[in-house]
Amino acid sequence: MKKLKYALFTGCTAKQSTPEQMMSTMAVAKKLNIELIELTEASCCGASHLQDYDDFLSLVLNARNIAYAEKHGLTMVTICNTCQLNTAMTKHRLDKNPELKAKVNDKLAEVGLEYKGTSNVIHFLYAIIDDFGLDKIKEMVVKPLSQFNIAPFYGCHNIRPSELHDESHKQKENPYNPTSLDDLIIACGGKNVDYEEKNKCCGFHVELQAPHTAAVLTGTAIAGATDNNADMMVTPCPLCHLKLDTQTKSASEAIGREVSLPVLHMQQMIGLALGCSAAELGLKHHVTEINFI
Amino acid sequence: MSTDKISTQKVNFKVFRFNADEDYLPYYENYTMDITSEEVVLDVLNRIKWDYDGSFSYRRSCRHGICGACAIKVNGRSTLACKESMSTMIEYFGNEITLEPLSTKRAIKDMIIDKGDFWEKHAAVTPYLVADIDESPACENLVSPHDSEELDEADLCIQCGACHYACPVVEINSDFFGPAAFVAAYRFESDVRDSDKQRLINVNEEKQGVWDCVKCIECTEVCPKGINPFSKITKLHQMAFKKGVAKSNVATRHAVGFLHSIKRNGVLDEGGLVLYSEGVHIVKHIPVALQMFRKGKIVLPWNIVKSDNLDEIQKLIKSSSTVKF
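The rules behind each value
- Residues numbered from 1 in each chain as written.
- Chains lettered and ligands numbered in written order.
- Predicted model: local features only at pLDDT ≥ 70, side-chain atom pairs only at ≥ 80, totals over all residues.
- Heavy atoms only, no water.
- Helix = DSSP H or I, 4+ residues; strand = E, 2+ residues; numbered from the N terminus.
- Buried < 20%, exposed > 50% of the residue type's maximum accessible area, 1.4 Å probe, protein only.
- Areas by Shrake-Rupley, 256 points an atom, 1.4 Å probe, with all protein chains shown as cover.
- Contact = heavy atoms within 4.5 Å.
- Buried area = accessible area lost by both parts, 1.4 Å probe.
- Salt bridge = Lys/Arg side-chain N within 4 Å of Asp/Glu carboxyl O.
- Polar contact = N/O pair within 3.5 Å; in protein donor to acceptor, adjacent residues only side chain to side chain.
- Nonpolar A, V, L, I, M, F, W, Y, C, P; charged D, E, K, R; others polar.
- Pairing = 2+ DSSP bridges.
- Axes fitted to C-alpha atoms, helices over the stretch in contact; angles between N-to-C directions.
- Parallel < 35°, antiparallel > 145°, perpendicular 65-115°, else oblique.
- Expected span 1.5 Å × (residues − 1).
- Domains from an automatic or database assignment.

J.: Sorry, what's going on with the overall build of chain B here?
T.: From N to C terminus, chain B includes 14 helices and 7 strands. A principal-axis box enclosing the C-alpha atoms of chain B has dimensions of 70 × 70 × 50 Å. The buried share among the 325 residues of chain B stands at 50%. Accessible area of chain B: about 16,000 Å², with a carbon and sulfur share of 52%.

As structure tokens, this is what we get:
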């Protein structure tokens, strides 16, 4: 198999509040012999908030990030659902609108860059499924997670709007019955837990302005997984992870019930199955203790 | 003329039943039917009523995706029954299909709900053109093609309620106007003939307005008319800044804070952003922040790794910024 190589857009969270996500991404990439060229020049994607303030500026900055992936001649891989949404959305809008693309390129030209539209943008989850292959993951599993019921939590920005995401990856995900993360859990030897909230919102994006709404959504999600006998949750989004891992107190208060489950990053789950150590996967960085290792 | 062969498959339907005049609690009735590839969800509702139980109730009218009456939920997904094919639903969910009203807590009889909250919120955004009209105009009030494009198809909304009752915030926060009302607000706010001064302010108020949207994009996913309410919500945010009605509060500072952070570091300074957004109220986050700090999840400002070629980012911000706050 030809060695897979991507331009890695880390996003901001993996370098700050979820260091374990960065560690586990690199550990898993090493195990799978995937080469990741980190885009150290990249800026924040705007996280769908800069977009509320200055749409054109957010397009220019995201186009600049993709332009760096294009300079490497590589597909850009993201490890955050919101980064994926904003970057893929930028690509979609520029590729469909030559006038807008020209305007953005006028700005990029000021710093010697050009957005061409040649690099695809995909989430690491789909790079693994589409390009590496679940069958190969399965073959490489050395510590199957067979004793665990694992609840997938997909995160909105990787599955909606489906029309946008269908452009970037081969696995056509049904936003109302997504399967990619379930398939990955099964490939790692775990038992996937089906529950109503697996494709719902965690509330992260209104954490500051509407804390009660955010807490109810977080609490309901953890409760849904708990009620379906999950031992842990797993998510491809560091923002969902932050909500589900660190906000259990407010979430419990909001729904009037104590809820708390270990929440693994997708990469940590794969890493465990592939035999990476707890230290390599940064398991000590979780607020909700990982007590099953 | 389609040459596809009509196929048939057996589907089990679990159907929400409730009569507010007689029932204390709702219940589910099961029906099994052979469904052809030609049928839409409304055909199933009709067959339940015509073949199984004449008391089964639902709203329907145009049968052409125009009136918006027949919206229900299929396996939790808001769906306009007359437009959605059963083939697609079976492809989505398999042969076990649950039919429910758009909001079970608002059910009156079976699929019929009280949409009072929906219409109240619709009315609250002044969903009509406000303009001084010359009763004897010398010429037509022309709108250029360019200006009409600004409506961005928001006028295609049929008020079916699919997005409204798919919105998780509507379920939690009874003050929240919801995506359909925001689409209506955008429809008239983006009309060059409109002169209303209050609408944009109303849809920017905290609790009820666009800043309480969780950005889950459910509304866009379910809209049967392809309107993309999420994009209208984003545009209302942008309009608030451009038209100078955005008040300085935690929500607006959160959006603006991204710019400051990116200008300074390229990447986001997460702690700095929370401080900028919350001001002195940041103290309420201290317990969680301490937990995170102990777990190595908070990077102090002087340790943030800035983007390479930061000068490029700063130059682009200077030359590309289009909004002031």
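J.: So what exactly am I meant to see when it comes to the environment of Asn149 of chain A here?
T.: All names here are of chain A. The residue Asn149 is located in strand β5 (residues 149-152) in this model. It is 22 Å that separates the C-alpha atoms of Asn149 and Leu217, two residues lying 68 residues apart in sequence. Those residues in contact with Asn149, other than ones at most four positions away along the chain, are Lys191, Val193, Asn229, Ala230, Asp231 and Met232.

J.: I tried to follow the interface of chain A and chain B on my own but got confused; where do I start?
T.: Where the parts come together, the accessible area they lose is often given as the size of the interface. Contacts between the two partners involve 66 residues from chain A, matched on the other side by 63 residues from chain B. Summed over both sides, the interface between chain A and chain B buries roughly 5,600 Å², with carbon and sulfur atoms accounting for 60% of that surface. If you look at where chain A meets chain B, you find 6 salt bridges. With a closest N to O distance of 3.9 Å, Glu218 of chain B and Lys200 of chain A form a salt bridge. For the pair chain A and chain B, the number of links is 32 residue pairs in polar contact (both at pLDDT 80 or more). Per-element tally for the side of chain A that touches chain B: the top contributor is helix α3 (residues 55-72) of chain A, with 7 residues. For the side of chain A that touches chain B, the residue count by class is 29 nonpolar, 23 polar and 14 charged.

J.: Quick question: what am I supposed to make of the sheet that holds strand β6 (residues 191-192) of chain A here?
T.: Across a sheet, strands are paired by hydrogen bonds formed along the backbone, either parallel or antiparallel in direction. Residues and elements named next belong to chain A. The strand order across the open sheet built from 4 strands is β6-β5-β7-β8, with neighbouring strands paired in parallel fashion. Across the chains shown, the open sheet's two edge strands, defined by having one partner strand only, are β6 and β8 (263-265). When β5 meets β6, the two strands line up parallel, connected through 2 bridges. The residue of β6 that forms the bridge with Ile150 is Asn192.

J.: Help me out: how do you make sense of the sheet that holds strand β2 (residues 35-38) of chain A in this one?
T.: All names here are of chain A. Here 4 strands make up an open sheet; going across it, the order is β2-β1-β3-β4 and the pairing parallel. Each edge of the open sheet carries a strand with a single partner, namely β2 and β4 (121-123). Adjacent strand axes in the sheet meet at a mean angle of 40 degrees when their direction is disregarded. Sheet topology places strand β1 (residues 5-9) next to β2; 4 bridges connect them, and they run parallel. Within β2, the residue paired with Leu8 across the bridge is Glu38. Contacts between helix α6 (residues 124-132) and the sheet are confined to β1, β3 (76-78) and β4, with β4 contributing the most and set at about 90 degrees to the helix.

J.: Just to check I follow, could you spell out the packing of helix α4 (residues 81-96) of chain A against helix α5 (residues 98-109) of chain A for this structure?
T.: Two numbers describe a pair of packed helices, the interaxial angle and the distance between the axes. All names here are of chain A. Remark: α4 packs on α5, axes separated minimally by 5 Å, with the N-to-C direction vectors making an angle of 110 degrees. Judged by the inter-axis angle, α4 sits roughly perpendicular to α5. Mapping the contact onto sequence places Arg93, Leu94 and Lys96 in α4 and Pro98, Leu100, Lys101 and Val104 in α5. Classifying every residue of the contact of α4 with α5 gives 4 nonpolar, no polar and 3 charged.

J.: For this particular structure, what's the right way to read helix α10 (residues 229-242) of chain B?
T.: Residues lying three or four places apart along an α-helix face the same way, a consequence of the helix completing one turn every 3.6 residues. All names here are of chain B. Relative to the 20 Å expected for 14 residues at 1.5 Å per residue, α10 spans 20 Å between its end C-alpha atoms, a close match to the ideal helical length. The element α10 is largely enclosed, with a buried count of 12 among its 14 residues. Where α10 is concerned, the buried positions are Pro229, Phe230, Ser231, Lys232, Ile233, Thr234, Leu236, His237, Gln238, Met239, Ala240 and Phe241. Just beyond α10, the residue with positive phi is Gly244, at close to 70 degrees.

J.: Quick question: what am I supposed to make of the domain arrangement of chain A here?
T.: Residues and elements named next belong to chain A. Per the domain assignment, the segments of chain A are domain 1 (5-123) and domain 2 (134-285). Measuring from the centre of the C-alpha atoms in domain 1 to the corresponding centre in domain 2 gives 23 Å. Between domain 1 and domain 2, the contact holds 30 residues from the first and 35 residues from the second. Taken together, both faces of the contact between domain 1 and domain 2 bury some 2,600 Å²; the carbon and sulfur share is 65%. Among the residues of domain 1 in contact with domain 2, Glu20, Lys31 and Asn81 are the three that bury the most area, contributing 23% of the side total. Remark: the boundary between domain 1 and domain 2 carries 11 residue pairs in polar contact (both at pLDDT 80 or more). Examining the composition of the side of domain 1 that touches domain 2, we find that 9 residues originate from one element, helix α1 (residues 19-31), more than from any other. Classifying every residue of the side of domain 1 that touches domain 2 by side-chain character gives 13 nonpolar, 14 polar and 3 charged.

J.: Is there a simple way to explain unusual backbone geometry in this structure?
T.: Trans peptide bonds make up the majority, and among non-glycine residues the majority have a negative phi. Omega for the bond connecting Arg160 of chain A with Pro161 of chain A falls within 30 degrees of zero, at -5 degrees, which places this linkage in the cis form. Inspection of the secondary structure assignment puts Pro161 of chain A in the loop between α8 (156-159) and α9 (162-168). Unlike most non-glycine residues, Thr126 of chain B shows phi in positive territory, near 50 degrees. The topology assignment puts Thr126 of chain B in the loop between α3 (116-124) and α4 (145-149). Even without being a glycine, Asp152 of chain B presents a positive backbone phi close to 55 degrees. Look at Asp152 of chain B and you get partly exposed, because its relative accessible area is 27%.

J.: Before we go on, may I ask you to explain the pairing of strand β4 (residues 77-80) of chain B in this structure?
T.: Consecutive side chains of a regular strand alternate in pointing toward one face of the sheet and then the other. Residues and elements named next belong to chain B. Residues Arg77 and Thr79 of β4 are buried on one face, and the alternating residues Ser78 and Leu80, pointing to the opposite face, are buried as well. Two strands pair when backbone bridges link them, and strand β3 (residues 71-74) and β4 are joined in this way by 4 bridges, in the antiparallel orientation. Looking at β4, one finds that Val74 is bridged to Arg77. Connecting β3 to the next strand, β4, in antiparallel fashion are 2 residues, including Asn75 with a positive phi near 45 degrees.

J.: How do you make sense of the pattern of salt bridges when you look at a structure like this?
T.: Side chains bearing opposite charge may pair, as long as their charged atoms lie close to each other. Throughout the structure, instances matching the rule amount to 36 salt bridges over all chains. A salt bridge links Glu312 of chain B to Arg64 of chain A; its shortest N-O distance comes to 3.0 Å. Here the residue Glu312 of chain B occupies a position in helix α14 (residues 310-320), and Arg64 of chain A occupies one in helix α3, the pair thus bridging two chains. Classification of Glu312 of chain B by relative accessible area gives buried; the value is 13%. A residue is classified by how much of its surface remains accessible, and Arg64 of chain A, at 0% relative accessible area, is buried. Among the salt bridges present, the one from Asp34 of chain B reaches Lys10 of chain B, with a minimum N-O distance of 3.2 Å. Taken together, the residues Asp34 of chain B in strand β2 (residues 27-36) and Lys10 of chain B in strand β1 (residues 8-17) connect sequence positions 24 residues apart.

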